[in-house]
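Geometric and topological summary
Spelled out from the first residue to the last, the chains are:
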Amino acid sequence: MSITNLSNARKTNYRWVICAMLFFATTVNYLDRQVLSLTWPKFIGPEFGWTNDDYGNITAWFSILYAACMLFAGKFVDLLDTKKGFLWAIGIWSVGACLHAFCGIATSGILAGEWFVNFAEAKETISHIGDGAMVVSVSVILFIAARFVLALGEAGNFPAAIKATAEYFPKKDRAFSTSIFNSGATIGAMIAPACILYIAALWGWEATFIIIGLLGFIWMGFWVFLYKKPEQNPKVNAAELDYIHQDKLTDEVVENEVSEKKLSFIQCFQFKQTWAFAFGKFMTDGVWWFYLFWMPKYLQTVFHLEGTDQVLPLTILYTVVMISIYGGWLPSFFIDRKKMNPYAGRMRSMLIFAFFPLLALFAQPLGEYSYWLPVIIIGIAGAAHQAWSANIFSTVGDMFPKTAIATVIGIGGMAGGLGSFFVQKGAGLLFDYAGKTNLEFLGFHGEPSGYFIIFIFCAIAYLIGWIVMKTLVPKYKPITAK
């Protein structure tokens, strides 16, 4: 069947059901990840006596643990394959999410021997422990332990999702489908303030971790019944299967895939394409995680908004980020209309997206007039990141055989987590230092000056990442194992 005839055939659209499942998984992923950042400024931090550096340590360790897990998560998904790999991933991270709720009870148990208590009794016990430094250190260690379980599971989300996308979508549609499921990160972050802050206000911060954590187990029940490989799925007819496999109809792809063998984990490090992807992730993932983990504290520190007062600004911020869904359409335009190869089209798109984060340079200065201006600006910068992210993920599917996609995604995720570690740890130290010394920077004083410094890095990170990626891999060059 020719590509022309494919467009005229009546085909099923089950691939979009899979895309919807990936979207919901990513939404749950980011809901679980967001609970701590929303609840610590008003609820958890005061209870345990945390400083910015304490919170920065928790998020930094989460980042480095996530990075380490990502290094192997992709290979784990490739070994188990998509269905089982995803089930294991979301099951583990859902357990990790729920474990956070019991850190207060564990703190009271370790320091006061009060193990068999409820959440309210644990709070009462902690408030009467005289050694505040011990409360801080023990609680931080326990939250890091819970974050480790969360990181272990969450590391499998994107390798499994990108692998599923490569199995169900032709190359020309992968950036768009990735942008759709990747928008689940934005949706999760967008609905998180309204859900989490109100649940915390009504039933306590512990309830937010349990309720949000249980969503993952519900998703697992649907995945078990809905996911099969397209070749084995009775819901996928021959016309849709031909559409999914249309890349094999071109001579170039046939020549590449005939010789396709499995790449070993070590072999993946031998290619410049791997290092280009990894560096792009290293430079930019920490920016998104900074926005995700620190915006509630930013609104509290700079604009004195806390608790449920943050719901509307944060919801608007992530609503603006939703425009990122068009980030998957732009490379399709370059590929279909301008006849560019997939890699060239994505790199052209990523260059365009790399300029929008420069607006973050104005977030802090314009905040002098209204907090709505930095909210909108950071929303636009976040949208640019998500559009960038959808395309940088898709470059792996463009250049690597399917058997190596999850492994390379894992390597890049490791690099992104490592970059985020430096951003998170640096932010916590910088904000405490700026607050204690009343640091002055370009007209700002104290903690606001620290945020301005971090915003400058966030603004330029994407252009640096793009330049290095383009230098390493200037032209489209698919990988084949020999």
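A quick note: this is a predicted structure, and the numbers were derived from the prediction, not measured.

Before going further, it helps to examine the overall build of the chain. Check the secondary structure of the chain and you find 21 helices and 2 strands. Relative to the compact-globule value of 23 Å for 482 residues, the chain shows a C-alpha radius of gyration of 23 Å, a close match. Projected onto its principal axes, the C-alpha positions of the chain cover 75 × 50 × 40 Å. Burial status across the chain gives 60% buried among its 482 residues. Counting only contacts in the chain whose residues sit at least 6 apart along the sequence, the fraction spanning at least 24 positions is 83%.

What follows is about empty space enclosed by the protein. Considering all chains together, one arrives at 4 cavities of 30 Å³ or more under this definition. Within the residue set of the lining of the second largest cavity, elements represented by two or more residues are helix H2 (14–48), helix H3 (52–80), helix H14 (272–303), helix H19 (372–399) and helix H20 (402–437). Looking at the lining of the second largest cavity residue by residue, the class counts come to 8 nonpolar, 5 polar and 3 charged.

On to the pattern of salt bridges. Within this structure, the stated rule accounts for 10 salt bridges. In this structure, the salt-bridge partner of Glu206 is Lys123, at a minimum N-O distance of 2.4 Å. Taken together, the residues span a long stretch of sequence, with Glu206 in helix H10 (residues 205–226) and Lys123 in helix H6 (residues 119–127) at a distance of 83 residues. Residue Glu206 is classed as buried on the basis of its relative accessible area of 3%. The class for Lys123 is partly exposed, based on a relative accessible area of 28%. A salt bridge links Lys281 to Asp285, with the shortest nitrogen-to-oxygen separation between them at 3.2 Å.

Attention now moves to the packing of aromatic side chains. Scanning the entire structure with this criterion turns up 45 aromatic pairs. Taking the centre distance of 5.1 Å and the plane angle of 85 degrees together, the rings of Trp50 and Phe143 count as edge-to-face. You can see Trp50 sitting in the loop between H2 and H3 and its partner Phe143 sitting in helix H7 (residues 132–154), a full 93 residues away along the chain. Accessibility expressed as a relative area gives 8% for Trp50, which makes it buried. Judged by centre distance (4.0 Å) and plane angle (20 degrees), the rings of Phe431 and Tyr451 are stacked. Of this pair, Phe431 sits in helix H20 while Tyr451 sits in helix H21 (residues 447–472), and the two are 20 residues apart along the sequence. We classify Phe431 as buried; its relative accessible area is 0%. Overall, Tyr451 belongs to the buried group, its relative accessible area being 0%. One Lys or Arg, Arg147, reaches over the ring of Phe62 and ends 4.7 Å from the middle of that ring.

Residue placement: Thr284 occurs in helix H14. Reaching out from Thr284, the side chain makes a polar contact with the backbone oxygen of Gly280 at a distance of 2.7 Å. A polar atom in the side chain of Thr284 sits 3.3 Å from the side chain of Trp388. If we skip the residues at most four places from it in the chain, Thr284 touches His385, Trp388, Ala461 and Tyr462.

Time to look at the packing of H2 against H3. Remark: H2 packs on H3, axes separated minimally by 12 Å, with the N-to-C direction vectors making an angle of 175 degrees. Classified by the angle their axes make, H2 and H3 are roughly antiparallel. Two secondary-structure elements touch here, H2 through Arg33, Leu36, Ser37 and Trp40 and H3 through Asn52, Tyr55, Ile58, Phe62 and Tyr66. Class assignment of the residues belonging to the contact of H2 with H3 gives a composition of 6 nonpolar, 2 polar and 1 charged.

Attention now goes to the nonpolar core. Counting 139 residues, the largest nonpolar core has Trp50, Phe290 and Tyr291 as its most contacted members. Sequence-distant contacts of Tyr291, defined by excluding residues within four places in its chain, comprise Tyr318, Ala360, Ile378, Ala381, Gly382, Phe455 and Cys458. Counting residues in each nonpolar core, the second largest holds 5 residues, with Leu330, Phe334, Met340 and Ala387 among its members.

The rules behind these values
- Residues numbered from 1 in each chain as written.
- Predicted model: local features only at pLDDT ≥ 70, side-chain atom pairs only at ≥ 80, totals over all residues.
- Heavy atoms only, no water.
- Helix = DSSP H or I, 4+ residues; strand = E, 2+ residues; numbered from the N terminus.
- Rg over C-alpha atoms; globule rule 2.2 N^0.38 Å.
- Buried < 20%, exposed > 50% of the residue type's maximum accessible area, 1.4 Å probe, protein only.
- Contact = heavy atoms within 4.5 Å.
- 1 Å grid on protein atoms, 1.4 Å probe; cavity = no way out; pocket = protein on both sides within 12 Å on 5 of 7 lines; lining within 4 Å.
- Points joined across faces, edges and corners; volume = space filled by probe spheres on them.
- Nonpolar A, V, L, I, M, F, W, Y, C, P; charged D, E, K, R; others polar.
- Salt bridge = Lys/Arg side-chain N within 4 Å of Asp/Glu carboxyl O.
- Phe/Tyr/Trp six-rings, centres within 6.5 Å; stacked < 30°, edge-to-face > 60°.
- Lys NZ or Arg CZ within 6 Å of the ring centre and 35° of its normal.
- Polar contact = N/O pair within 3.5 Å; in protein donor to acceptor, adjacent residues only side chain to side chain.
- Axes fitted to C-alpha atoms, helices over the stretch in contact; angles between N-to-C directions.
- Parallel < 35°, antiparallel > 145°, perpendicular 65-115°, else oblique.
- Core = buried A, V, L, I, M, F, W, Y, C linked by side-chain atoms within 4.5 Å.

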